[in-house]
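# Descriptive analysis of the structure
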Amino acid sequence: MIPQKVTLLTLGAFDLPILRKFYQSLGWEETEMSSDQYAVFKTAGVLLSLFPIEELAKDAGIELTTSPDTYRPVTFAINVDQPEEVDMTIEEIREAGGKILREPSDAFWGGRTAYFADPENNLWEVAWNPTSIFDERGAMISF
């Protein structure tokens, strides 16, 4: 059986120094494994969700190539504890040079959400979900 866990997400960087500087400017801490050719940032943990690609593109406000033969985009998420943290986080990301794709707004499912892109257009959602449950490390374990 394959272990049911996600341990490492890797973004392919076109310009590693610029991408590294962006994540450092968010206040994220690098691990001792980082080098000039590789950057590894600590996070609390992840959950992997599946969402229809057309809906994900629509939600993020981007156009999508729908051919199954092309690379399919992925959106990463930063889930926060309170709805106002979505707005505060987006402002910090804006100040760090992130491209805001969708300003914070209340979501139809009862939460609050916003989207941004890093300098290489990797998509991130910042969300508050009123039913999210986090463990002692801050990793989301349910929503």
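All of these numbers come straight from a predicted model, not from anything done at the bench.

Further remarks concern the side chain of R112. Counting through the fold element by element, R112 comes out in strand 3 (residues 112–117). Polar contacts involving the side chain of R112 include one to the side chain of D87, which spans 2.7 Å. A polar contact of 2.9 Å, which involves the side chain of R112, links it to the side chain of D106. For R112, the contacting residues outside a window of four places in its chain are P83, V86, D87, P104, S105, D106, A107, V126, A127 and W128.

This part covers the environment of L11. Checked against the element boundaries, L11 lands in the segment before helix 1 (16–25). Taking the C-alpha atoms as reference, L11 lies 7.8 Å from N122; in sequence the two are 111 residues apart.

The next point concerns the pattern of salt bridges. In this structure the tally under the stated criterion is 8 salt bridges. With a closest N to O distance of 2.9 Å, R112 and D106 form a salt bridge. A relative accessible area of 16% places R112 in the buried class. Salt bridges here are not isolated pairs; linked through shared partners, they connect D87, D106 and R112.

Let's shift gears to the sheet that holds strand 3. Within a beta sheet, neighbouring strands are joined by backbone hydrogen bonds and run either parallel or antiparallel to one another. Strand order in the open sheet formed by 4 strands is 1-4-3-2, and the pairing between neighbours is mixed. Of all strands in the sheet, those with a lone pairing partner are strand 1 (75–80) and strand 2 (99–106), marking the two edges. On average, adjacent strands in this sheet sit at an angle of 15° to one another, irrespective of strand direction. Across 6 bridges, the pairing between strand 1 and strand 4 (residues 123–128) is parallel.

Calculation rules
Residues numbered from 1 in each chain as written. Predicted model: local features only at pLDDT ≥ 70, side-chain atom pairs only at ≥ 80, totals over all residues. Heavy atoms only, no water. Helix = DSSP H or I, 4+ residues; strand = E, 2+ residues; numbered from the N terminus. Polar contact = N/O pair within 3.5 Å; in protein donor to acceptor, adjacent residues only side chain to side chain. Contact = heavy atoms within 4.5 Å. Salt bridge = Lys/Arg side-chain N within 4 Å of Asp/Glu carboxyl O. Buried < 20%, exposed > 50% of the residue type's maximum accessible area, 1.4 Å probe, protein only. Pairing = 2+ DSSP bridges. Axes fitted to C-alpha atoms, helices over the stretch in contact; angles between N-to-C directions.

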